[in-house]
Each structure stands twice: as C-alpha cells, then as structure tokens.
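Listed here are the chains, written in short residue letters.
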Amino acid sequence: MPTIEDLRNELRRIDGRGYPAYKDLRGCCFRSNDATFEVHLDHIQGDPFAAPSHVRIRLAHSVAGFPEWTHSNSSRRIGLENHLAHIVSAACGKFSSRAGSGKSGLLDIDAPGKEVIARTALLYLEDAIEVRLSLGLPARGRRIAGREAAQMLCDCLPQLAADCLRFSELDADKIQAAVETNEDADALRSQLKGNHLLAFVANGSILPRRSGIDQRPLGSNDAIAFQSPADLEVTLTTPNRGAVSGLGIPVGITLIVGGGFHGKSTLLNAIERGIYNHRQQDGREFLVTCPDAVKIRAEDGRSVSGVDISPFINNLPNQADTTAFSTENASGSTSQAANIIEALESGADTLLIDEDIAATNFMIRDQRMQELIAADKEPITPFINKVRSLYNDHRVSSILVMGGSGDYFPVADLVIGMDQYLPHNLTKEAKQIAANHSSIEVNENPAFGSISERSPQPASIDPRKGRRDVSVKSRSTHHIQFGEHDIDLSALTQIISSSQTRAIAAALVYACEKNIIDGTRSIAQILDLIEQDLNRGLDTLSHGHRGDLAIFRRHELAAALNRLRTLGISNIEQGVKNKGSDEGKRKR
Ligand code: ADP
Ligand code: MG
C-alpha cells in the first residue's frame, strides 16, 4: 500500500493542474510508515464548489489504546463513539482552513446531537477506530492547490487522529462518564418491561428545554427539577450508579392533567424523546421510555393509502370505504386515526397523545354534542371509546395529556396532575369526581376491532427522476425527496437528526432494490427484514462508506413510507390479531 509520503508527492505533482486531476485519487488508500494510520479517499468532489469529498481515517488500536472498559459492550461502545465524535467535531473546526475557492479547506464530521445513537461518522471497529469526514479538496480558482491539499491530508489528518483518537491524550474521566451514562440508561430501559412500566423519569431530571428550537436544558436557575410523588416512586438499578429512584409510569392508560403552562407537554415531550439515550449533562439522561412508544398527532393534509380506520371512523358522508381508506388530503380526525392504525401496524405498544396537537373531535364527544348530533350521523368513534379496548385487546397503552376535559377520568388507570412543574398522583380524586358524575358514561365499545395488514405495491414506490434510476435525497430532518415526489416528515417529532432521515431514505431505496417490498409482504414483515439486515450495521444500507447516517426506528421508516403520496397498497386478509394474545404481534 502506498504511504502518506507517496500521497504528499502526488499532491505536489498535480499542484496547479485542473481540478479533475484529483479524480485519480478516488478509491486510493495511503498509510503511515508504521502502518498504524490510514487515509482512504472514498469520494472525490467534481469541482471546488460541489459537495465536499469523503475521506476516512483509521487509527489502529495499538496506537489508539482504549482500555477494554471503554467498549466492553454495545452500550459502552456507542457511548464512546458518540463522545469521540463530539471531540472530533470540535477539532474539525480547528483544522478547517477555509482559503481558496468553493469548499477549499473545509473539514467536517456529521456531528452527533444530544441523543446518543449509533452513527456511521465514527466507528470503533475490531482493528481500528474509523472516522469519516467531509473534506473540501483545496483549489485556487479551478486549479488544484496541491501543497494545501498535502498539508490537510498528510499533516492535519494524522494530527487530528493523534489528538482525538488516542486514549492517552484524552480526559479519562469524561470518557468514563460518557460510557457509564449510556450503559446506565440502557440498563434502566431494559428494566421497564419486567416492571410493567412504559417510562421512568428519574428524580432530579431536568425536562424543559431552552426553547422550541434549542434542545439544551433550561438554565438551572429557572428549571424545576423533577421529583416523583412518593406513591408513584419506583427504584431501578444501574451498573454504575447503583439504585436510581423516580416516577414509574405503568402500562395501561395514564392521563397527565393540570393547569395551562404547568408543564404537561414538557413531560410528554421528554417521554417521547426517552426512546433515545441522552448525553451526560442533558438533564434527561435517566429518563427512559420503552422503545416502541409512538407519538400520535393530528396531521391534516397528509395522504393516506388503504388504511383500515374503521375502528374509529365509519359512514363518511361520501361513502368512502374506511376499511381501506385512501385520501390525498386527510382531515384532522382521519389523519389521527390513520396515524394510530399505522403505528399499530409497525408494532407500537404505547401511544403518546397531547391535546395541544390532537383533533378534539377525535379525542372526545361530550354529552351535549351526543344529544344534538345523533350517533348515526357522526362517523367518528372518539378515542375515549376505544382507548380501553385498545389496551385490553391489543395490549397497547396510552399516555395522554388532557388539561381541558375530565371525560377520560373513568377510563384512566392513573391520573398525574402537574402543578408548578411537579407531578402529583390525582387518581383517587379523579375517580371520585367520575363517580359523582356517574350519569356521564363512557360509551365504550366492547372490542377495538382487528388491525388489518397492508402490502405496499413495489410499482408505486418509484425512486426514478429524469434520467436517474435512483434520485433520493434528504435536505433536512423532516423532508425526503423520493424520485419525483416529496415526503413530508414534519409531524414525526421522534426523528431527531437529519442523519436518521438520510438513513430512512437509504432504507427505502434498499427495500426496493433488494426486492424486500415485493408486493406480497406486509409492512410489518418488510420492517422485520430491514431490521434484521441492519444488525450488520448501517453500512448495509449504502454503497461505499457513508459517514452521515444514524440509526432509526422501524416506526419512523414505516411512517416515511406511509407518507409517500404515490404509495399503493393491497390489503392482506384480515383476522390475524387475536384478542388479548400476543399472536400476530411482532416477535421481540
Ligand atoms: P402545559 O402543556 O401544561 O401548558 P408546557 O409543558 O408547555 O405547559 O410548559 C409551559 C412552560 O413552562 C414552557 O415554557 C416550559 O419550558 C416551562 N417549563 C416546563 N417544565 C418546567 C420546569 N420543570 N421548570 C421550569 N420551567 C418549566
Ligand atoms: Mg401543553
């Protein structure tokens, strides 16, 4: 294999030539004399103004020297990778030297956010630590700046590896905190199921964020730390911190109530994010939620393809078939119904619903309205009439924020009242009130109804655009351009990074190319197969070594597919789901 010095000579040789001469380096790899450090040039940009080139650096473990405890299980390893990616991200700023034309001198990594999830930007592999970077190959005008390129590739990159990827150069206490925090969070989450819990919020957690667009925790002077009511407190164990106590939200139906601005939505939003681990100092490190909790909201305007929303909606004025409901433009209530059925289809076991973003007529219908509008004139069976049977028949729990209506008191298992940002157990009081108003009965339907399975039709999922066989891109966290069409993901607040969106886009292409979407498989089967392949790592999804992908959940992948406006569906025969049994639910 050629050496770094060979690369330096080559870059000097092509100094001043036209930019395309860089192309000869594509796919080449250069190593240090002692073979412990390598630079791979995976992708070379076409001109100085195009998207930057992709380089990979690898540092052998013999030099990196991370002790066993930093990566002894996957929780620790992901915590370490994430921590190192933050360090490399800071160093990229230092080593970037933007001089010359276009992207010249740019050095960047797909930096992680507050959530700690598996990413391709930095990988602790069997033989080496690998970092995938974007690098703007330097130019003057459209001519190669070879000396500058040599400095970046042959001096800066080895220096960056030496500074950021050697254990001896780093703060061991911070590494320990990162890997232990991640391991403890995984340990907490793994205890939820056995304790019949949906979520756990450790005492002392800081839930509020600085603003709607800033995920940093609210300053410690302003934030009121979370404290569980004594009678709802549970204690779980962690490998590194010992016992941790906090609020345990049990399976079943939980209401979060309280006055306006008392922290209800903040609690639910934090629970929604608890499907992911968080960095230390985030305030939510020890708030964990079961992995299959799905946020549900009204999303009027979305398209819906062949979804059986008949558990909630029947007899629409236009006689539309609600057992295979399709529309280009769903209403608040039909979109929310479709969102729920699709979540059940992808295997959700918990629904999270906030009154702020739910369709009122989907959630409740009060006594007076029932008197005015006869039942046979109202297509909607509100969620309140189904929430119990959803749990009884399908073991799907709900956590609902409901500040404006007491109608759910009779059906709730637990009522948490938020008062000045602190939770209280108000179940007894709410049940007493419900008993005092026993004339108001919940017209609860005895059965939820079956959840039919749908099979996406491959011809309807077309990634082609113009002359390109595959043109699939994502420019932001909540948008995918799929062939000729746009997929709007703005309602999916559990997608937390554009790296996840890119991976979801890649997974859709993968499912088409590998014929996983074959016209007969159900959505659940398709998701199972993709998940299975993803066990081999995110590189499965891409050609080459992309450094800009992050792991996502099956629910968000299904949600993206369901929002593709061209999606065609054939319905698979019904009757798979049995009452109260696990049959037909996906295997875990
Ligand atoms: P609700 O849904 O009950 O109307 P929100 O959850 O939207 O209330 O919270 C209202 C405001 O209070 C938000 O600006 C939020 O950031 C802030 N807040 C929420 N929880 C806390 C807390 N624990 N400490 C301080 N401020 C908080
Ligand atoms: Mg609110």
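Residues numbered from 1 in each chain as written. Chains lettered and ligands numbered in written order. Predicted model: local features only at pLDDT ≥ 70, side-chain atom pairs only at ≥ 80, totals over all residues. Heavy atoms only, no water.

1. Topic: the packing of helix α3 (residues 74-95) against helix α5 (residues 172-190)
Here's step 1: Remark: α3 packs on α5, axes separated minimally by 8 Å, with the N-to-C direction vectors making an angle of 135 degrees. Classified by the interaxial angle, the pair formed by α3 and α5 is oblique. Of the two possible hands of crossing, α3 and α5 adopt the one that is right-handed. Two secondary-structure elements touch here, α3 through S75, R76, I78, G79, L80 and H83 and α5 through K174, I175, A178, V179, E180, N182, E183 and D186. (Axes fitted to C-alpha atoms, helices over the stretch in contact; angles between N-to-C directions. Helix = DSSP H or I, 4+ residues; strand = E, 2+ residues; numbered from the N terminus. Parallel < 35°, antiparallel > 145°, perpendicular 65-115°, else oblique. Left-handed = near helix turned anticlockwise from the far one by under 90°. Contact = heavy atoms within 4.5 Å.)

2. A closer look at the pairing of strand β13 (residues 233-238)
Here's step 1: Taken together, the six bridges between β13 and strand β14 (residues 242-250) define a ladder with antiparallel strand orientation. In the strand pairing of β14, V234 is matched with G246.
Here's step 2: Remark: three residues form the turn of the hairpin made by β13 and β14, two consecutive strands paired antiparallel. (Pairing = 2+ DSSP bridges.)

3. Here's the deal with the coordination of the magnesium ion (ligand 2)
Here's step 1: Bound to the magnesium ion (ligand 2) on the protein side are S265 (OG) and D356 (OD), at distances that span 2.1 to 2.3 Å. Of this pair, S265 sits in helix α6 (residues 264-273) while D356 sits in the loop between β21 (350-354) and α8 (360-363), placing them 91 residues apart in sequence. (Donors = N, O, S within 2.8 Å, 3.2 Å for Na, K, Ca; no water.)

4. Focus on the site of ligand 1
Here's step 1: I224, F261, K264, S265 and T266 are the nearest of the 14 residues found near ligand 1.
Here's step 2: Residue Y421 places a side-chain N or O atom 3.2 Å away from an oxygen atom belonging to ligand 1.
Here's step 3: Surface burial for ligand 1 is 78%, taken as the share of its 560 Å² of free accessible area covered by protein chains.
Here's step 4: Within the shell around ligand 1, the residues separate by chemical class into six nonpolar, six polar and two charged. (Near = heavy atom within 4 Å. Polar contact = N/O pair within 3.5 Å; in protein donor to acceptor, adjacent residues only side chain to side chain. Areas by Shrake-Rupley, 256 points an atom, 1.4 Å probe, with all protein chains shown as cover. Nonpolar A, V, L, I, M, F, W, Y, C, P; charged D, E, K, R; others polar.)

5. Re the packing of aromatic side chains
Here's step 1: Under the counting rule described, the total for this entry stands at eight aromatic pairs.
Here's step 2: Pairing F66 with F167 gives two aromatic rings, centres 5.6 Å apart and planes at 70 degrees, and the pair type is edge-to-face. Of this pair, F66 sits in the loop between α2 (61-64) and α3 while F167 sits in the loop between α4 (146-164) and α5, placing them 101 residues apart in sequence. As far as the burial class goes, F66 and F167 line up, both buried.
Here's step 3: Here F362 and F383 contribute two aromatic rings whose centre-to-centre distance is 6.1 Å and whose plane-to-plane angle is 25 degrees, an arrangement assigned as stacked. (Phe/Tyr/Trp six-rings, centres within 6.5 Å; stacked < 30°, edge-to-face > 60°. Buried < 20%, exposed > 50% of the residue type's maximum accessible area, 1.4 Å probe, protein only.)

6. A word on a nonpolar patch on the surface
Here's step 1: Taken together, the side chains of I224, F261 and Y421 make up a nonpolar region of the molecular surface, amounting to roughly 350 Å² of accessible area.
Here's step 2: Summarising the element assignment, Y421 is placed in the loop between β23 (414-419) and β24 (422-425). (Patch = residues over 30% accessible without salt bridge, like charges linked within 9 Å, V, L, I, M, F, W, Y side chains within 5 Å. Salt bridge = Lys/Arg side-chain N within 4 Å of Asp/Glu carboxyl O.)

7. Topic: unusual backbone geometry
Here's step 1: Backbone geometry at F261 places phi at a positive 70 degrees, although glycine is not the residue there.
Here's step 2: With respect to the helices and strands, the residue F261 is situated in the loop between β15 (253-258) and α6.
Here's step 3: For F261, a relative accessible area of 75% corresponds to the exposed category.

8. Examining the sheet that holds strand β17 (residues 287-289)
Here's step 1: The strand order across the open sheet formed by four strands is β13-β14-β10-β17, and the pairing between neighbours is antiparallel. Edge positions in the open sheet fall to β13 and β17, since each of these has one partner strand only. Geometrically, the sheet is characterised by an average inter-axis angle of 35 degrees between neighbouring strands, direction not taken into account.
Here's step 2: Pairing analysis gives five bridges linking strand β10 (residues 197-202) to β14, with the strands arranged antiparallel. Bridging from a neighbouring strand, A199 pairs with I249 of β14.
Here's step 3: Of the strands in this sheet, β10, β13 and β17 touch α5, which is tilted by about 130 degrees from β13.

9. Thoughts on the domain arrangement of the protein chain
Here's step 1: Along its sequence, the protein chain is carved into domain 1 (4-170), domain 2 (175-289), domain 3 (293-436) and domain 4 (453-572).
Here's step 2: Summarising the inter-unit geometry, the C-alpha centres of domain 1 and domain 2 are found 36 Å apart.
Here's step 3: Listed per partner, the contact involves 19 residues of domain 1 and 18 residues of domain 2.
Here's step 4: The contact between domain 1 and domain 2 buries some 1500 Å² in all, and 61% of this surface belongs to carbon and sulfur atoms.
Here's step 5: In terms of surface lost to domain 2, no three residues of domain 1 exceed R76, K114 and E115, which account for 40% of the buried area on that side.
Here's step 6: The tally of links from domain 1 across to domain 2 stands at two salt bridges.
Here's step 7: A salt bridge links E183 to R76, with the shortest nitrogen-to-oxygen separation between them at 2.9 Å.
Here's step 8: Along the contact surface separating domain 1 from domain 2 lie nine residue pairs in polar contact (both at pLDDT 80 or more). (Domains from an automatic or database assignment. Buried area = accessible area lost by both parts, 1.4 Å probe.)

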